[in-house]
Amino acid sequence: MPSHRMPSEADIISTVEFNHTGELLATGDKGGRVVIFQREPESKNAPHSQGEYDVYSTFQSHEPEFDYLKSLEIEEKINKIKWLPQQNAAHSLLSTNDKTIKLWKITERDKRPEGYNLKDEEGKLKDLSTVTSLQVPVLKPMDLMVEVSPRRIFANGHTYHINSISVNSDCETYMSADDLRINLWHLAITDRSFNIVDIKPANMEDLTEVITASEFHPHHCNLFVYSSSKGSLRLCDMRAAALCDKHSKLFEEPEDPSNRSFFSEIISSVSDVKFSHSGRYMLTRDYLTVKVWDLNMEARPIETYQVHDYLRSKLCSLYENDCIFDKFECAWNGSDSVIMTGAYNNFFRMFDRNTKRDVTLEASRESSKPRAVLKPRRVCVGGKRRRDDISVDSLDFTKKILHTAWHPAENIIAIAATNNLYIFQDKVNSEMH
């Protein structure tokens, strides 16, 4: 569902997230807005046609602010959105910019009360002397209204920029991570949080790494993982100690000395980490690869997939244009058998863990037409070129897919390409296409 106007900076999508059923999909953008899409129910005329996603609600989540103590502007850009498990008819989500996390409640109203005894139709109080009889108010149907209200604001918890939030499986707490610290919050308490990780050295000149992402385990409320700019993952157990500076497990791949270069440390920085739905594995993305780690094996990943190895020879120019610092996300499908991550030129990659097949697909206007089939794309490096191949030198590095999401149960994916949101469905079968 691409929009057809020139993108302004504020329209650039900065996060994409399905809710736990996949019926709702939220996006956040650089202008501080959250747009929620709802899946239309299947139509009775065509029972096999899956519902499309339509705009359900749009609201301004964050506004630009100014930190007077530090003379710093705080951007309104939405860094992350996380849905809370649904507990009643209302939906709730957390959204965060660099500094402030907000809890939003989304409710529906399709009836309105009429026939009050003490108020007139406009809601003004009647003169009591004119009330001569009593009636029972009734609920009359009205057009559906979606109301979004801020329930809580969690501020002042972070000195540095928040890069991730994660809701705990206990449904009562969540954590937020910035470059140097991770805080644990109770969803009902806004004025204090507990610091559970602090890697800030006494002297900032001794700083060697920063926290890049963090996530709670999907089933064990005491476990969480955080990744670092040095390419390592630390699994922490909150039962062991209140402050989890001493990790329980360190997952790190030893560096191959033959591959060592000026860019080694930059490209090994982990930009995203995601537990599998089963809770057995972790998926990480660095600049050139995605890796699958087994929680029971720290020494090395059990699987490594090359996302765009053809860029290895281009790292110098990617460093000069700052693309080497791009933070790509990664996602599991519902059964943990396929993984997805973005690349440049509006390409995104899928890797089937069972068949070891991989595919490069493109999010484009052509591919977003109804019932269009996504054609695999190939990038070639020098030498012979097949028809439809794209040369590595003609890739557009301004078109990057950083944010992707996979429906929790079905083969529906959401791809954010700059200011356009693409939603692709596999209508034929449950295999990878």
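Residues numbered from 1 in each chain as written. Predicted model: local features only at pLDDT ≥ 70, side-chain atom pairs only at ≥ 80, totals over all residues. Heavy atoms only, no water.

**Student:** Lay out the overall build of the protein with the relevant residues and their values.
**Tutor:** A count of helices and strands for the protein gives two helices and 31 strands. With respect to the three principal axes, the spread of C-alpha positions in the protein is 95 × 60 × 40 Å. A burial count over the protein gives 48% of its 433 residues as buried. Long-range contacts, defined here as pairs at least 24 residues apart, represent 52% of the contacts in the protein between residues at least 6 apart. If you sum the accessible surface of the protein, you get close to 22900 Å²; carbon and sulfur atoms cover 51% of it. Separation of charge centres in the protein, based on 55 positive and 64 negative side chains, amounts to 3 Å. (Helix = DSSP H or I, 4+ residues; strand = E, 2+ residues; numbered from the N terminus. Buried < 20%, exposed > 50% of the residue type's maximum accessible area, 1.4 Å probe, protein only. Contact = heavy atoms within 4.5 Å. Areas by Shrake-Rupley, 256 points an atom, 1.4 Å probe, with all protein chains shown as cover. Lys, Arg positive; Asp, Glu negative; His and termini not counted. Charge placed at Lys NZ, Arg CZ, Asp CG, Glu CD.)

**Student:** Kindly report on the side chain of Asp237, identifying the contributing residues and their values.
**Tutor:** Looking at where Asp237 falls in the secondary structure, it is placed in strand β17 (residues 233-237). A distance of 2.9 Å separates the side chain of Asp237 from the backbone nitrogen of Arg239, its partner in a polar contact. When residues no more than four places from it in sequence are discounted, the contact partners of Asp237 are Asn222, Leu223, Cys244 and Ser248. (Polar contact = N/O pair within 3.5 Å; in protein donor to acceptor, adjacent residues only side chain to side chain.)

**Student:** Can you break down the packing of aromatic side chains residue by residue, with the values?
**Tutor:** The full count for this structure, using the stated rule, is 19 aromatic pairs. Residues Phe262 and Tyr319 carry aromatic rings whose centres are separated by 5.5 Å and whose planes lie at 90° to one another, so their mutual orientation is edge-to-face. Of this pair, Phe262 sits in the loop between β18 (249-251) and α1 (264-268) while Tyr319 sits in helix α2 (residues 315-320), and the two are 57 residues apart along the sequence. Taking the relative accessible area as the measure of exposure, Tyr319 reaches 32% and is therefore partly exposed. The ring of Tyr116 has Lys119 lying over it, and the distance from NZ or CZ to the ring centre is 4.7 Å. Against the face of Tyr281 rests Arg353, its NZ or CZ located 4.8 Å from the ring centre. (Phe/Tyr/Trp six-rings, centres within 6.5 Å; stacked < 30°, edge-to-face > 60°. Lys NZ or Arg CZ within 6 Å of the ring centre and 35° of its normal.)

**Student:** Lay out the sheet that holds strand β29 (residues 403-406) in plain terms, naming residues and giving numbers.
**Tutor:** One open sheet holds the three strands; their spatial order is β29-β30-β31, and the pairing between them is antiparallel. Single-partner strands in this sheet number two, and they are β29 and β31 (420-425). Going across the sheet, the axis of each strand differs from the next one's by a mean of 15°, ignoring polarity. In this structure, strand β30 (residues 412-417) lies alongside β31, joined through six bridges in antiparallel fashion. The partner of Ala414 across the bridge, within β31, is Ile423. (Pairing = 2+ DSSP bridges. Axes fitted to C-alpha atoms, helices over the stretch in contact; angles between N-to-C directions.)

**Student:** Lay out the side chain of Arg349 in plain terms, naming residues and giving numbers.
**Tutor:** Looking at the element boundaries, Arg349 is found in strand β25 (residues 347-352). At a separation of 2.8 Å, a polar atom in the side chain of Arg349 contacts the side chain of Asp358. For Arg349, the residues in contact, after removing those within four places along its chain, are Gln306, Val307, Ile339, Met340, Thr341, Asp358, Val359 and Thr360.

**Student:** Please provide a residue-by-residue account of the pattern of salt bridges, values included.
**Tutor:** Within this structure, the stated rule accounts for 26 salt bridges. With a shortest N-O distance of 3.5 Å, Glu329 and Lys80 are connected by a salt bridge. Placement of Glu329 in the loop between α2 and β23 (330-332) and of Lys80 in strand β7 (residues 80-83) is noted, with a sequence separation of 249 residues between them. Across the salt bridge formed by Glu253 and Lys291, the nearest N and O atoms sit 2.9 Å from each other. A residue pair is termed long-range when its members are at least 10 positions apart, and Glu253 in the loop between β18 and α1 and Lys291 in strand β21 (residues 289-294) qualify at 38 residues. (Salt bridge = Lys/Arg side-chain N within 4 Å of Asp/Glu carboxyl O.)

**Student:** Tell me what's going on with the state of the cysteines, and back it up with residues and numbers.
**Tutor:** Tallied over the entire structure, the rule returns zero disulfides. Here Cys244 is not disulfide-linked; the sulfur of Cys236 is the nearest cysteine sulfur, at 5.1 Å. Looking at Cys323, it has no disulfide partner, and the nearest cysteine sulfur is the one in Cys316, 13 Å off. On the basis of relative accessible area, Cys323 is assigned to the buried category, the value being 5%. (Disulfide = S-S within 2.5 Å.)

**Student:** Go over the environment of Tyr53 with me, naming the residues and quoting the values.
**Tutor:** Structurally, the position occupied by Tyr53 is in strand β4 (residues 53-60). Using a relative accessible area of 2% as the deciding quantity, one classes Tyr53 as buried. The sequence separation of Tyr53 and Asn354 amounts to 301 residues, and the corresponding C-alpha distance is 30 Å. Here the side chain of Tyr53 touches Gly22 through a polar contact of 2.5 Å, landing on its backbone oxygen.

**Student:** I'd love a proper account of a nonpolar patch on the surface, names of residues and values included.
**Tutor:** On the surface, a nonpolar cluster with roughly 350 Å² of combined accessible area is contributed by Leu118, Leu125 and Leu128. Its location among the elements puts Leu128 in the loop between β9 (101-114) and β10 (138-154). (Patch = residues over 30% accessible without salt bridge, like charges linked within 9 Å, V, L, I, M, F, W, Y side chains within 5 Å.)

**Student:** Describe unusual backbone geometry, and please don't skip the residues or the numbers.
**Tutor:** Residue Asn346 is not a glycine yet carries a positive backbone phi of 60°. Its location among the elements puts Asn346 in the loop between β24 (338-342) and β25.

**Student:** Can you lay out the nonpolar core for me, pointing to particular residues and giving the numbers?
**Tutor:** Within soluble globular proteins, side chains that are nonpolar generally end up buried alongside one another. By size, the foremost hydrophobic cluster in this structure holds 30 residues, and its most contacted members are Tyr287, Val290, Leu311, Leu318, Ile339 and Leu395. For this core, the elements supplying multiple residues, two or more each, are β20 (281-285), β21, α2, β23 and β25. When neighbours within four sequence positions are excluded, Ile339 is seen to be in contact with Leu283, Val290, Val292, Tyr305, Ala331, Trp332, Arg349, Met350 and Phe351. Counting residues in each nonpolar core, the second largest holds 16 residues, with Met350, Val359, Trp406 and Tyr422 among its members. (Core = buried A, V, L, I, M, F, W, Y, C linked by side-chain atoms within 4.5 Å.)

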